[in-house]
Amino acid sequence: MATFKIGKMLMRSLFGKPATLMYPVKPAKITDSTRGHMTIDIDKCVFCSLCAKKCPTNALTVDRKARTWEIQRMRCIQCNACAVACNKDALQMAPEYTAPNTEKVVDLFQGPPKEEKPKAEKVEKAAEAPAVEAAAETAAEAAPQAEA
Ligand code: SF4
Ligand code: SF4
């Protein structure tokens, strides 16, 4: 009986369809819970490095000065810890897998230049302050005259 069972399994393995897909020749099955690869909306990123600190495989490098966010794809284990840590909602798991490669893949994202507050605005505000003070003084001086 056992020999018959083993023989049946052997035949099925030899002549049946393979249990695995020939990925990437055949496309992978994508489901709702598929964790494909990590993506970033670089415009939302404030380069705080929280994601890099939480990454268990050190796949992320954040450079605040250069405003860059970098991921080593082959180190990433798709755990989603970085996305949970990001309080700017900049990271998301996309369902598609990255293309297979024999080389180490590093994706670097460059953030937009930091917006400097225009200096002219500061100067204007500084100029406005004495003007407001002067108006207050004039009003205070005029008040007793009006009473008289
Ligand atoms: S992705 Fe989020 S956690 Fe990572 S550096 Fe940018 S803002 Fe910070
Ligand atoms: S998904 Fe996990 S392993 Fe991949 S970069 Fe984020 S924290 Fe690191």
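Just so we're clear, the structure is a prediction, and the values are computed from it rather than from any experiment. Chains are numbered independently. Their residues run from 1 in the order of the written sequence. As they are written, the chains are lettered A onward and the ligands numbered 1 onward, keeping that order. Per-residue local features of the predicted model are confined to residues with pLDDT of at least 70, and side-chain atom pairs are confined, for both listing and counting, to 80 or more; whole-chain, interface and lining totals are unaffected and use all residues.

A.B. asks: Teacher, can you tell me more about the nonpolar core here?
C.D. replies: Across soluble globular proteins, nonpolar side chains have a tendency to be buried as a group. Only buried residues count toward a nonpolar core: Ala, Val, Leu, Ile, Met, Phe, Trp, Tyr and Cys, linked into one set through C-beta atoms within 7 Å. To sort residues by exposure, count the other C-beta atoms lying within 10 Å of each residue's C-beta; 20 or more gives buried, 12 or fewer gives exposed, and values between give partly exposed, all with C-beta atoms placed from the backbone. In this structure, C51, L60, C82 and L91 are the most contacted members of the largest nonpolar core, which totals 14 residues. Each helix is a run of DSSP H or I of at least 4 residues and each strand a run of E of at least 2, with the numbering of both proceeding from the N terminus. Those elements that provide at least two residues to this core are β1 (37-40), β2 (60-63) and β3 (68-72). A residue pair is marked as a contact if its C-beta atoms, positioned from the backbone, fall within 7 Å. Not counting chain neighbours up to four residues away, the residues in contact with C82 comprise M38, C51, K54, C55, L60 and L91.

A.B. asks: Would you take a moment to explain the site of ligand 1 for this structure?
C.D. replies: Working rule for contacts: place C-beta from the backbone, and if it is within 6 Å of a molecule or strand, that residue counts as near it. Near ligand 1 there are 15 residues, and of these C45, C48, L50, C51 and C86 occur at the shortest range. Per-class residue counts for the shell around ligand 1 are 13 nonpolar, one polar and one charged. Residues were grouped as follows: Ala, Val, Leu, Ile, Met, Phe, Trp, Tyr, Cys and Pro as nonpolar; Asp, Glu, Lys and Arg as charged; and all remaining residues, including Gly, as polar.

A.B. asks: Please explain the site of ligand 2 as it appears in this structure.
C.D. replies: Taken together, 15 residues lie near ligand 2, and C55, C76, C79, A81 and C82 sit nearest. For the shell around ligand 2, the class distribution of residues is 11 nonpolar, three polar and one charged.

A.B. asks: It is not clear to me how the environment of Q92 should be interpreted in this structure. Could you clarify?
C.D. replies: As for its position among the elements, Q92 is in strand β4 (residues 91-94). Looking at Q92, the number of C-beta atoms within 10 Å reads 12, which means it is exposed. Those residues in contact with Q92 that sit more than four places away from it in its chain are T39 and A83.

A.B. asks: Looking at this structure, I do not really get the sheet that holds strand β5 (residues 106-110). What am I missing?
C.D. replies: Whether two strands pair depends on DSSP finding at least two bridges between them. Spatially, β2-β3-β5 is the arrangement adopted by the three strands of the open sheet, whose pairing is antiparallel. At either end of the open sheet lies a strand with only one pairing partner, and these are β2 and β5. Adjacent strand axes in the sheet meet at a mean angle of 15° when their direction is disregarded. Judged from the five bridges that link them, β3 and β5 form a sheet pairing that is antiparallel. Bridge pairing links E70 to L108 in β5. Interaxial angle, 0 to 180 degrees, is taken between N-to-C directions of lines fitted to C-alpha atoms, where a helix line uses only the stretch in contact.

A.B. asks: Help me understand the environment of K44, please; the structure alone is not making it clear to me.
C.D. replies: When you line up the elements, K44 lands in the loop between β1 and α2 (50-54). For K44, a count of 12 C-beta atoms within 10 Å puts it in the exposed group. Between the C-alpha atoms of K44 and N87, which are 43 residues apart in sequence, the distance is 10.0 Å. In this structure, K44 is in contact with K88, D89 and A90, ignoring residues within four places of it in sequence.

A.B. asks: For this particular structure, what's the right way to read the pairing of β3?
C.D. replies: On a regular strand, each side chain points to the face opposite its neighbour's, so the side chains alternate between the two faces of the sheet. Here β3 shows one buried face, formed by W69 and I71, and one open face, formed by T68, E70 and Q72. Where β2 meets β3, four bridges bridge the pair, whose relative direction is antiparallel. Bridge assignment links V62 to a residue of β3, and that residue is W69.

A.B. asks: Is there a simple way to explain unusual backbone geometry in this structure?
C.D. replies: Apart from glycine, the bulk of residues carry a negative phi angle, and the bulk of peptide bonds sit in the trans form. The omega torsion across Y23 and P24 is 10°, close enough to zero to call that bond cis. Even without a glycine there, the phi angle at S49 is positive, about 75°. Mapped onto the elements of the fold, S49 is located in the loop between β1 and α2. Residue S49 is classed as partly exposed on the basis of its 15 C-beta neighbours within 10 Å. One non-glycine residue, N80, lies in positive phi territory at about 75°. Residue position: N80 is located in the loop between β3 and α3 (81-85).

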